[in-house]
Amino acid sequence: MKFETFQLERNQSLWENKVDYNLSESGVHPGSLKTLFDTDFIEKIENTELTYGFTEGSPELRQSIASIYPGATPENVQAFNGSAEANMVAIMTLLEKGDELIYMVPNYLQIYGFARGLGVEVNTFQLHESLNWQPDLDELKSLVSKKTKMISVCNPNNPTGSVLPKETVLAIGEIAQSAGVWILVDEVYRGAELNREECTSFWEIGYDKTIVNCGLSKAYGLPGLRLGWSLSSEDHIQQSWATHDYTSIAIGRMSDIIAAYVLHPDNRMKTLNRIRDALAENLGFFQEWVDNFRDHFSFIPPEAGAMAFTGYDWNINSTALVEKVRDEASVMLVAGDWYGMDRYLRFGYGAKRTDLEAALERITPIFKSL
Ligand SMILES: Cc1ncc(COP(=O)(O)O)c(C=O)c1O
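Residues numbered from 1 in each chain as written. Predicted model: local features only at pLDDT ≥ 70, side-chain atom pairs only at ≥ 80, totals over all residues. Heavy atoms only, no water.

## Observations regarding the overall build of the protein chain
For the protein chain, the helix and strand inventory stands at 13 helices and 14 strands. For the protein chain, the residues scored as buried account for 55% of the 370 residues in total. Long-range pairs, those at least 24 residues apart, make up 73% of the contacts in the protein chain with a sequence separation of at least 6. For the protein chain, the accessible surface area stands at approximately 15900 Å², while carbon and sulfur atoms represent 48% of it. (Helix = DSSP H or I, 4+ residues; strand = E, 2+ residues; numbered from the N terminus. Buried < 20%, exposed > 50% of the residue type's maximum accessible area, 1.4 Å probe, protein only. Contact = heavy atoms within 4.5 Å. Areas by Shrake-Rupley, 256 points an atom, 1.4 Å probe, with all protein chains shown as cover.)

## Focus on the site of the ligand
Surrounding the ligand, one finds 13 residues, the nearest of these being Ser-83, Asp-186, Tyr-189, Ser-217 and Arg-226. At 2.9 Å from an oxygen atom of the ligand is found a side-chain nitrogen or oxygen belonging to Lys-218. Contact with the protein chains removes 94% of the 400 Å² of surface that the ligand exposes when unbound. Among the elements that make up the shell around the ligand, the one with the highest residue count is helix H5 (residues 82–94) (3 residues). Each residue belonging to the shell around the ligand can be placed in one class, and the counts come to 5 nonpolar, 5 polar and 3 charged. (Near = heavy atom within 4 Å. Polar contact = N/O pair within 3.5 Å; in protein donor to acceptor, adjacent residues only side chain to side chain. Nonpolar A, V, L, I, M, F, W, Y, C, P; charged D, E, K, R; others polar.)

## As for the sheet that holds strand E9 (residues 228–231)
The strand order across the open sheet built from 8 strands is E2-E9-E8-E7-E6-E3-E4-E5, with neighbouring strands paired in mixed fashion. Strand pairing shows two members of the sheet lacking a second neighbour, strand E2 (77–80) and strand E5 (134–135), which therefore form its edges. Relative to E9, E2 is paired through 4 bridges, and the arrangement is antiparallel. What sits directly across from Val-77, in E9, is Leu-231. (Pairing = 2+ DSSP bridges.)

## Structural notes on the domain arrangement of the protein chain
Often the size quoted for an interface is simply the accessible area lost on bringing the parts together. In terms of domain boundaries, the protein chain breaks down into domain 1 (7–32 + 269–368) and domain 2 (51–265). Once you take the C-alpha centre of each, domain 1 and domain 2 turn out to be 25 Å apart. With 31 residues of domain 1 at the contact, the number on the domain 2 side is 29 residues. Between domain 1 and domain 2, a total of about 2700 Å² is buried, with carbon and sulfur atoms accounting for 57% of that surface. For the domain 1 face of the interface with domain 2, the top three residues by lost area are Arg-276, Ile-300 and Glu-303, together amounting to 25%. Our enumeration of links across domain 1 and domain 2 arrives at 2 salt bridges. (Domains from an automatic or database assignment. Buried area = accessible area lost by both parts, 1.4 Å probe. Salt bridge = Lys/Arg side-chain N within 4 Å of Asp/Glu carboxyl O.)

## Side note on the state of the cysteines
Under the counting rule described, the total for this entry stands at 0 disulfides. Between Cys-154, a free cysteine, and Cys-199, which holds the nearest cysteine sulfur, the sulfur-to-sulfur gap is 10 Å. Between Cys-214, a free cysteine, and Cys-199, which holds the nearest cysteine sulfur, the sulfur-to-sulfur gap is 9.4 Å. (Disulfide = S-S within 2.5 Å.)

## Re the sheet that holds strand E11 (residues 307–312)
Picture the strands of a sheet paired through backbone hydrogen bonds; they go either parallel or antiparallel. Strand order across the open sheet formed by 4 strands is E10-E11-E14-E13, with antiparallel pairing between neighbours. Of all the strands in the sheet, the pair left with one neighbour each is strand E10 (297–299) and strand E13 (334–335). Relative to strand E14 (residues 344–348), E11 runs antiparallel, the two sharing 5 bridges. Following the sheet pairing, Ala-308 is matched in E14 by Phe-347. Together, E10, E11 and E14 form the strand contacts of helix H11 (residues 268–291), whose direction differs from that of E10 by roughly 150 degrees. (Axes fitted to C-alpha atoms, helices over the stretch in contact; angles between N-to-C directions.)

## Looking at the packing of aromatic side chains
If you walk through the whole model with that rule in mind, you get 27 aromatic pairs. Note on Phe-347 and Phe-367: the rings are 6.4 Å apart at their centroids and 45 degrees apart in plane angle, and the pair reads as tilted. Taken together, the residues span a long stretch of sequence, with Phe-347 in strand E14 and Phe-367 in helix H13 (residues 353–368) at a distance of 20 residues. Across the pair, Phe-367 and Phe-347 agree in class, each one buried. The lysine or arginine in question, Lys-18, covers the ring of Trp-15, its NZ or CZ lying 5.5 Å from the ring centre. The cationic tip of Arg-326 hangs over the ring face of Trp-15; the distance from NZ or CZ to the ring centre is 3.6 Å. (Phe/Tyr/Trp six-rings, centres within 6.5 Å; stacked < 30°, edge-to-face > 60°. Lys NZ or Arg CZ within 6 Å of the ring centre and 35° of its normal.)

If you want it as structure tokens, here you go:
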């Protein structure tokens, strides 16, 4: 088993804490325990014994998560260390060498690289810029074959920030169901919609071979908790729990308690609204900056998430451009190359407002000089 380099994560691991301004993040800048929670709750955390807790996630946490999805029960839920682990466990549980996976691109590429590392054959279908970063469903249909075991999508999408409308979610569900294949959906940006309307979850298609993975890192702005989850049939959840025994056993005890609180129906919208406010405020500011270069950038504003994916026409490779910006201005951006799409950049506009302003001011002369 040999894994190809995960370019996006590798570059972030190497540089995100070395630059003055990190605009490579796809979520909103997180708060601290003190700024986000009241003293009673902080005291509860301080008094928690640091046991393993529940390896599948505590009953309170699984109930809070189930309450997000109509008709779901705690038995449909398994908690993981980030949606990254939820994705990894889904692939390890269901796919093996020689199976075929059909994968939406552009995409975060964790599932892509991990599955390929296991010897899975990965074919891709596109979100088209000419369709406002939506798929052509005939293209998807034409790819499904007898060998296909799973279709995997990311909705809302990283890096484009596009959202599949309900009819497309249902249509993809129908394609998978009529072929009897699994659907693995990464919904980690669900809840971070700029129009404040939570998009349709693939859970709503009601097909038992569906796995919805999500987490607190993006829409809830709490990546440091490393808290994710899978939602699926009871049977699949039992199987993925058994795989989880081999990966990290359990989520962190404190993360479990904080997540159960944040996701509780009484509290959840408060967190989502904080993130949506920050996104709305910063996107307008970022749009003004891009407009200064409107002859060079193509930009379809995101519908969700703190990512702005821009094409450009300057004659410079995207990795070279990101390195130039990093070395000359100490600002980190994401290269389209890391998504297999040269001549694109991803700007994380969810940074603290003062940092976003300072970073864009610093990089402006570089872009003017191109
Ligand atoms: C689409 C997508 N899935 C999963 C992850 C990993 O998230 P987590 O922090 O929940 O593991 C990311 C991180 O950027 C992502 O963009």
